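# Results of the structural survey
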Amino acid sequence: MSPLLTRRRVIAGVAGVAGLAGTAGVVAVAANRDTPKMINLTAEAIRRAERARQRPGAATVRATLSPRPVTLDLGGVTVDTWGYTEDAPGPLIRAKAGDRLRVDVVNELPTDTSVHWHGIALRNDMDGVPGVTQDPIGAGERFTYDFIAPHPGTYFYHPHSGVQLDRALHGVLIVDDPNDAGRYDQEWIVVLDDWVDGTGRTPDDVLAALGDGTDGMHGGHDISGMDHGDGMPMDDSMEAMISPLLGGAGDVDYPHYLINGRVPAAPVTLTARPRQRVRIRLVNAASDTAFRVALGGHRLTVTHSDGFPVVPDVTDALVVGMGERVDVEVVVADGVFPLVAVAEGKMGQALAVVRTGGGSAPSAEVRPAELDRRVILTNQLRATEEVWLPQREPDRTHDLVLGGGMMPYRWTINGKTFADAEPFLAGEGERVRLRMTNQTTMFHPMHVHGHTFALRDGGPRKDTVIVTPNQTVTVDLDADNPGQWMTHCHNIYHAEAGMMINLAYQL
Ligand code: C2O
Ligand code: CU
């Protein structure tokens, strides 16, 4: 058993006692036990921050999610898995900025779950992290998430419980801007995913095999070993795992890659009329795969990254990391075109068909030339002026050194796994700088809950940013949302193997 799992058991035990004591939903935060100066969930500051988000005339959007065992048809591939509906991905939830969401979660799974609202600057006690912001939602139990969604944008939701994200347990949350109707005629929501569950292995099997070194892209790889020329042979599958953009590009060899829950042999069709302007909301809900996305015959104008506007950037292709959302606009031509998402550095791709006129559908293996023209990462984008963080010197700077590797399967921040990591601190009202340095040979999409940070020197506002090998990414955030916020790699296997730390506000 990994130390993380041991720690989780401890947290669950503490939470159980707290529940019996009748402190409804308020758990003893494990990392808080020895450092009482950290904020807890009952703090008035958390309620005050939520009151400040209230808007006159805001609506309440209600939804119900019933995570449960389901059988899904991925397009000729039938899998038994866990989902929120009989269709992957989960139901779309849509609100306007400033609206209140009330989402009832009825847990019909045989185990604990939770729902995290990825990218939303919400009240801390609704953030959906068991053992940190709430008790786990036990099998057969319910929990109501109730929070205001302050900022417009493309978001998604998923459990923060083990590797459940790698099943069909995710869905898109769109927060519309009431003051901006949008300049587009059509909207397509495109969810990218890597798929293994129900094909003979569950994500829990995959995690266990990575842990004992019996799995992970054909027996585990260590590209640092190759870098050091230690004579370790490199077969084709290992070579495919090195991305010119990302370095080592994944730990898990997935049998399928999906767009909107379909394999490339049976793709979804996205329709419009020729010359219409389409907004495509790309969501990478994969657990271990970045995707290189292109639309055959078109260039894409990137307009938003993680919900926030960017200076429009025209590109042929872009790489979207796990947990990132990117909105692009395109004026569609007349005909039939492949929207391709190649599993970056892996074998395989996902496909959707764009149809505005006559023509035959592309093959599952189609590879548009745009994939190999101008390709960008989202950290190259620029924020629009309206979302710049005001110029200010940081009140504190935290270094987060990303470490670890495949053998043993252990991923760390500042040399520690989550089980042993002390939270890093912020004071309400401070400007906090994070310097994330990647000392591994893999890329890591680093995500901070409850905040949107700014990349340096006019870079984009984001909540999830790819840090490539040997790179340092420096981001600033305003500590304006008191609470305890997970900060972690959005490779769900890396997070589970330790690459996770708590950003805690001081009282
Ligand atoms: Cu989607 Cu803790 O993250
Ligand atoms: Cu990682």
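### Describing the layout of surface pockets
The computed volume of the second largest pocket comes to approximately 460 Å³. Every residue lining the second largest pocket is counted, 24 residues in all, and those nearest its centre are Asp-177, Asp-180, Arg-279, His-304 and Pro-309. For the lining of the second largest pocket, the element with the most residues is strand E18 (residues 308-315), which contributes 4 residues. Looking at the lining of the second largest pocket, its residues break down into 9 nonpolar, 7 polar and 8 charged. Each of domain 1 (14-181) and domain 2 (187-196 + 256-385) gives at least three residues to the lining of the second largest pocket.

### Focus: the sheet that holds strand E21 (residues 336-343)
An order of E14-E22-E21-E16-E19-E23 is seen for the 6 strands of this open sheet, with the pairing classed as mixed. The outermost strands of the open sheet, each flanked by one partner alone, are strand E14 (269-271) and strand E23 (375-377). Each neighbouring strand pair of the sheet contributes to a mean axis angle of 25°, computed without reference to strand direction. Relative to E21, strand E16 (residues 291-295) is paired through 5 bridges, and the arrangement is antiparallel. Its bridge partner lying in E21, Arg-292 is registered against Val-342.

### Examining helix H3 (residues 203-211)
Since there are 3.6 residues in each turn of an α-helix, residues three or four apart along the chain are aligned in direction. Every buried residue of H3 is accounted for by Pro-203, Val-206, Ala-209 and Leu-210. The arc that holds the buried residues of H3, viewed along the axis, is 125°, so those residues lie on one side. The secondary structure elements touched by the buried residues of H3 are helix H6 (492-496). Gly-213, located one to two residues past H3, shows a positive phi value of around 75°.

Rules used throughout
- Residues numbered from 1 in each chain as written.
- Chains lettered and ligands numbered in written order.
- Predicted model: local features only at pLDDT ≥ 70, side-chain atom pairs only at ≥ 80, totals over all residues.
- Heavy atoms only, no water.
- 1 Å grid on protein atoms, 1.4 Å probe; cavity = no way out; pocket = protein on both sides within 12 Å on 5 of 7 lines; lining within 4 Å.
- Points joined across faces, edges and corners; volume = space filled by probe spheres on them.
- Helix = DSSP H or I, 4+ residues; strand = E, 2+ residues; numbered from the N terminus.
- Nonpolar A, V, L, I, M, F, W, Y, C, P; charged D, E, K, R; others polar.
- Domains from an automatic or database assignment.
- Pairing = 2+ DSSP bridges.
- Axes fitted to C-alpha atoms, helices over the stretch in contact; angles between N-to-C directions.
- Buried < 20%, exposed > 50% of the residue type's maximum accessible area, 1.4 Å probe, protein only.
- Arc of directions from axis to C-beta.
- Contact = heavy atoms within 4.5 Å.

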